Amino acid sequence: MSGLPRASDLGLVGCHVCGMVCRDVEAPDAACPRCGSSLHKRKTASYSRTWALLIAAFIFYIPANVLPIMRTVSVGDVDDNTILSGIIELWVKGSPDLAVIVFTASIVVPVLKFFALSLLLISAQRGSRWAQRQRSKLYRLVEFIGYWSMLDVFVVALLTALVQFGFFSQVEPLPGVVYFGLTVVITMLASMTFDPRLIWDGRDFDD
Amino acid sequence: MTDDKKPITDDLPEPVVRRPRVNASIVWLVPIIAALVGLSLVIHAWIEAGPTVSISFLSAEGLDPGKTVVKYKNVTIGRVTAVRLSEDRSRVIAKVALEKSAQGFATADTRFWVVRPRIGLGGVSGIDTLLSGAFIGADVGESSEPKSEFTGLENPPPVTHGAPGKTFDLHSDDLGSLDIGSPVYYRRIQVGRVSTYHLDKDGKGVTLQIFVDAPNDQFVTTSSRFWNASGVDVSLGADGLKVNTQSLATVLAGGVAFQDPPGPHDATPAQEDAAYRLFNDRATAMAPPDGEPKYIRMRFEQSLRGLAVDAPVEFLGVPFGRVVSINLDFDEKTQTFPTIVGAVVYPARLGKAHDKLVALARERGDDEQMSQMMGRLVEHGLRAQARTGNLLTGQLYIAMDFLPKAPKVAFDGTAKPLEIPTAPGDLDKIQQQIADIVGKLQKVPFDSIGKNLDQSLGELNRTLKQVNGNVLPEVTNTLKGAQQTLGTANSAFAPDAPLQQNLGGSLQELQRAARSLRVLTDYLGDHPDALLRGRRADDKLQPAPPPPAAPTQGSKP
Ligand SMILES: [Zn+2]
């Protein structure tokens, strides 16, 4: 593995957008001659951007959990549910399977993403060569599950659209769902800004 | 290493170099914004957070932490955050986070109560809570003294602070089926409710406080009469079956009704906290003022089955009073059990008659109005009678009427209580008459009548035997003789009897002779000369008299 040369070793840089390979001019503001997008050997300021987005996502995750995300009005019984109380209610009211799904999507996945991204960032920044292959797999996993953690938002949107039976049953979204959506979107952005090639850059510091 | 690769890069396109771009660290704005948003939420929550109060209730029924809200005029002003038991476990304490805008509710005279669906007390209330769950109602007072621990009311207060209207006091003997919140009706429209009640200090009655909403409080005048309109007033008394109710709600929950008495009266709107008497029913409420009650006694020598305490006493048909006691007495002299009936009467109910009688008594200088008056009336035949008011139930009432034929009685005008002489009732009269009839029937000598009748029948029997033995055979013989005679007469007159045949022949002969005689007389009329010359020859040509034989026969002799 160490024998294989990297693009930077060959003085090459690839365009992220159109895939065109150009000569690495080492200039900070180089752009692709074909499509005009900026050329970088690595994603620009990947660490700081990912960190910034990750922190923002974490901040939004607090109101997303504290504020109620959904109000269900059924036969006059008004019920405001936060993510956790909704899960508890689902569990108590006899839908443990649904409760597990929602719990996974709304709690496990975002928390996992925070941990995974933090782990990737810290390990990459420290140039650790520990479990590089597993770490890159973890990154791919984070990217993949990113879309699915919008489940709560989808559930609320779907319920709001479907369950409008007027007096008997009503579902309306509450502010919490906005923060939850922001959290999901920003963590997705964070995982996008992270440059997985940084995982493999570690060995430079070893030499 | 680098030298080897150089040739590859030579063919590659050169990147375009552009002017410097914005600093990449602008991305840190995102977490800053996120932090600001988060901070603003915290600040908002902190600003919005009002005072926290704790309210104690007897039961936590319907109180759900996080869900149960506190409402004032149906606007949510707070929310129950926690419910726990008090230290002595006798009550539950609900922690309520009030909103910032509801700061004024954490003051000394604010009242809290749990609104649950309840039936009764003026209808069904809180029906919406059946669906939405209970909530805590709040009513704010005027105090500004801060307070954070409250004792919740178990029932909604009937009157909220500052509600327009007036409060009045009602005095009653007992509470009946009234309760806090019971409706107050005016012309069968609810205009208020009972707000509180308490026992009088001497324990001899109940004072209710009612609240009548504006603008209907103006209908309460100084002469208004209040009565208990609770439940269905079904009275099967001596005066028949009466069903009276104010509304269906009063049947369930009871209520108070008021109205001005008919006729001219003072219609000034009543002052706040004016006191009234609460009558038991409309009739008593609307009755003319009773005046001073008088106690009278009556002694009946008859069974008073059907007479009950509270039975009416009527004076010439006017409701005059009520029976208050019925007691049995024992008379040693006559060895009888007379019934002593005590009654309370209100002479003032007689209206004008009473006024005049009083005036007359005054003129005569009688002090003891009632007894003197009564003395005179008794002289004129005033007697009390127990009469049947209701044939169906046999209930009795006491009627005071003038019975001119009543035997004179001694009347003690000074007796206390006054004893009104009595007369047997109409039913007793009928009984008396029946007894008389029975007595008269008893005097009839049925025994001797029977004996005589028996003797007469024996005689008759003997006579009949004689008739059968002697008279009847004789009669038979006589009849037989008569029959024979009649048979002979019959055969004599039979159509084929010889007597009949002879008679027929004779009559024919007589007819023929008569005809001959007529021919002869006709001929002689035409030919009178024939008497002298005899019959002429040409007469033979005449065909008219073909049977000449007969006339000749007859004419010849
Ligand atoms: Zn390109």
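Parameters and conventions
Residues numbered from 1 in each chain as written. Chains lettered and ligands numbered in written order. Predicted model: local features only at pLDDT ≥ 70, side-chain atom pairs only at ≥ 80, totals over all residues. Heavy atoms only, no water. UniProt positions renumbered as here; feature names shortened; annotations may be inferred. Core = buried A, V, L, I, M, F, W, Y, C linked by side-chain atoms within 4.5 Å. Buried < 20%, exposed > 50% of the residue type's maximum accessible area, 1.4 Å probe, protein only. Helix = DSSP H or I, 4+ residues; strand = E, 2+ residues; numbered from the N terminus. Contact = heavy atoms within 4.5 Å. Patch = residues over 30% accessible without salt bridge, like charges linked within 9 Å, V, L, I, M, F, W, Y side chains within 5 Å. Areas by Shrake-Rupley, 256 points an atom, 1.4 Å probe, with all protein chains shown as cover. Salt bridge = Lys/Arg side-chain N within 4 Å of Asp/Glu carboxyl O. Pairing = 2+ DSSP bridges. Donors = N, O, S within 2.8 Å, 3.2 Å for Na, K, Ca; no water. Phe/Tyr/Trp six-rings, centres within 6.5 Å; stacked < 30°, edge-to-face > 60°. Lys NZ or Arg CZ within 6 Å of the ring centre and 35° of its normal. Axes fitted to C-alpha atoms, helices over the stretch in contact; angles between N-to-C directions.

Per an unreviewed UniProt entry, chain B is named Mammalian cell entry protein, and its organism is Dyella jiangningensis. One UniProt comment on chain B, placed under Subcellular location (unreviewed entry), says "Cell inner membrane".

As annotated in an unreviewed UniProt entry, chain A carries the name Paraquat-inducible membrane protein A and is attributed to Dyella jiangningensis. Quoted verbatim from the Subcellular location (unreviewed entry) field of UniProt, the annotation for chain A is "Cell inner membrane".

S.K.: Would you explain the nonpolar core in this entry?
M.R.: Most often, soluble globular proteins have nonpolar side chains that are buried together. Residue and element names in this part refer to chain A. Of all hydrophobic cores here, the largest spans 39 residues; its most connected members are I69, I83, I87, F180, I186 and F194. Residue assignment for this core shows that the elements contributing at least two residues are α2 (46-66), α3 (83-92), α4 (96-125), α5 (132-146), α6 (151-162), α7 (176-193) and α8 (197-200). Not counting chain neighbours up to four residues away, the residues in contact with F194 comprise K43, S46, T50, L120, L121, A124, Y139 and I199.

S.K.: Just to check I follow, could you spell out the UniProt feature "transmembrane region" (unreviewed entry) in chain A for this structure?
M.R.: All names here are of chain A. In the numbering used here, UniProt assigns the "transmembrane region" (unreviewed entry) feature to residues 51-70, 98-123, 144-168 and 174-194. Across residues 51-70 one finds 80% helix and 5% strand; the C-alpha atoms that close the span lie 30 Å apart. The straight-line gap between the two end C-alpha atoms of residues 98-123 is 35 Å; of that span, 100% is helix and 0% is strand.

S.K.: I keep staring at the UniProt feature "transmembrane region" (unreviewed entry) in chain B and nothing clicks. Help me out?
M.R.: According to UniProt, the positions carrying the feature "transmembrane region" (unreviewed entry) are residues 26-47 of chain B. Structurally, residues 26-47 of chain B is divided into 86% helix and 0% strand, and its ends, taken at the C-alpha atoms, are 31 Å apart.

S.K.: I tried to follow a nonpolar patch on the surface on my own but got confused; where do I start?
M.R.: Residues I55 of chain A together with I26, W28, L29, I32, I33, L36, L39, I43, W46 and I47 of chain B make up a contiguous nonpolar surface patch of about 1,100 Å² in total accessible area. For the nonpolar patch, the leading source of residues is helix α2 (residues 29-48) of chain B, giving eight residues. Relative to the assigned elements, I32 of chain B resides in helix α2. Classification of I32 of chain B as partly exposed rests on a relative accessible area of 46%.

S.K.: Sorry if this is basic, but what is going on with the pairing of strand β11 (residues 165-172) of chain B here?
M.R.: Side chains on a regular strand alternate between the two faces of the sheet. All names here are of chain B. For β11 and strand β14 (residues 206-213), the ladder comprises eight bridges, and the chain directions are antiparallel. Within the sheet, the bridge partner assigned to K166 lies in β14 and is V212. Bridge analysis of β11 against strand β19 (residues 275-279) gives three bridges, and the strand direction is parallel. Residue pairing in the sheet places D169 in a bridge with A275 of β19.

S.K.: Sorry if this is basic, but what is going on with the coordination of the zinc ion here?
M.R.: As a benchmark, a tetrahedral metal site with four donors has ideal angles of 109.5 degrees, while an octahedral site with six donors has ideal angles of 90 or 180 degrees. All names here are of chain A. At this site the zinc ion is bound by C15 (SG), C18 (SG), C32 (SG) and C35 (SG), with donor distances of 2.2 to 2.3 Å. Written as a sequence motif, the donor arrangement for the zinc ion is C-x2-C-x13-C-x2-C. With C18 in the loop between β1 (12-14) and β2 (21-23) and C32 in the loop between β3 (30-31) and α2, the pair connects residues that are 14 residues apart, well separated along the chain. With a relative accessible area of 28%, C18 lands in the partly exposed category. What makes C32 buried here is its relative accessible area of 2%.

S.K.: Looking at this structure, I do not really get the pattern of salt bridges. What am I missing?
M.R.: In a structure, side chains of opposite charge can pair up when their charged atoms sit close to one another. Counting across every chain of the model gives twelve salt bridges over all chains. A salt bridge links R71 of chain A to D80 of chain A; its shortest N-O distance comes to 2.6 Å. Accessibility expressed as a relative area gives 28% for D80 of chain A, which makes it partly exposed. Put simply, E301 of chain B and R299 of chain B hold a salt bridge, and the shortest N to O gap is 3.1 Å. Residues joined by salt bridges that share partners form a network here, namely R299, E301 and D331 of chain B.

S.K.: Help me understand the packing of aromatic side chains in this model?
M.R.: For any two aromatic rings, the description comes down to two numbers: the centre-to-centre distance and the angle of the planes. Considering all chains together, one arrives at 13 aromatic pairs over all chains under this definition. With 5.5 Å between their ring centres and 65° between their planes, Y61 of chain A and F114 of chain A make a pair best called edge-to-face. Note that Y61 of chain A is positioned in helix α2 and F114 of chain A in helix α4, a separation of 53 residues in sequence. Counting every residue linked through ring pairs, the aromatic cluster contains F168, Y186, F219, F226, F258 and Y276 of chain B. One residue, K71 of chain B, lies across the ring of F135 of chain B, its end atom 4.6 Å from the ring centre.

S.K.: For this particular structure, what's the right way to read the environment of L10 of chain A?
M.R.: Residue and element names in this part refer to chain A. You can see L10 is positioned in helix α1 (residues 7-10). Classification of L10 as buried rests on a relative accessible area of 19%. Between the C-alpha atoms of L10 and R23, which are 13 residues apart in sequence, the distance is 9.0 Å.

S.K.: Any chance you could explain the sheet that holds strand β5 (residues 92-99) of chain B here in plain terms?
M.R.: The strands making up a sheet associate through hydrogen bonds between their backbones, and the pairing can be parallel or antiparallel. Residues and elements named next belong to chain B. The strand order across the open sheet formed by seven strands is β6-β9-β3-β4-β5-β2-β10, and the pairing between neighbours is mixed. Strand pairing shows two members of the sheet lacking a second neighbour, β6 (111-115) and β10 (149-151), which therefore form its edges. Recorded for the sheet is a direction-independent mean angle of 30° between the axes of neighbouring strands. Judged from the four bridges that link them, strand β3 (residues 69-72) and strand β4 (residues 75-85) form a sheet pairing that is antiparallel. For V70, the partnering residue across the bridge sits in β4 and is G78. Its contacts with the sheet put α2 on β2 (49-57) and β5, and the angle it makes with β2 is roughly 50°.

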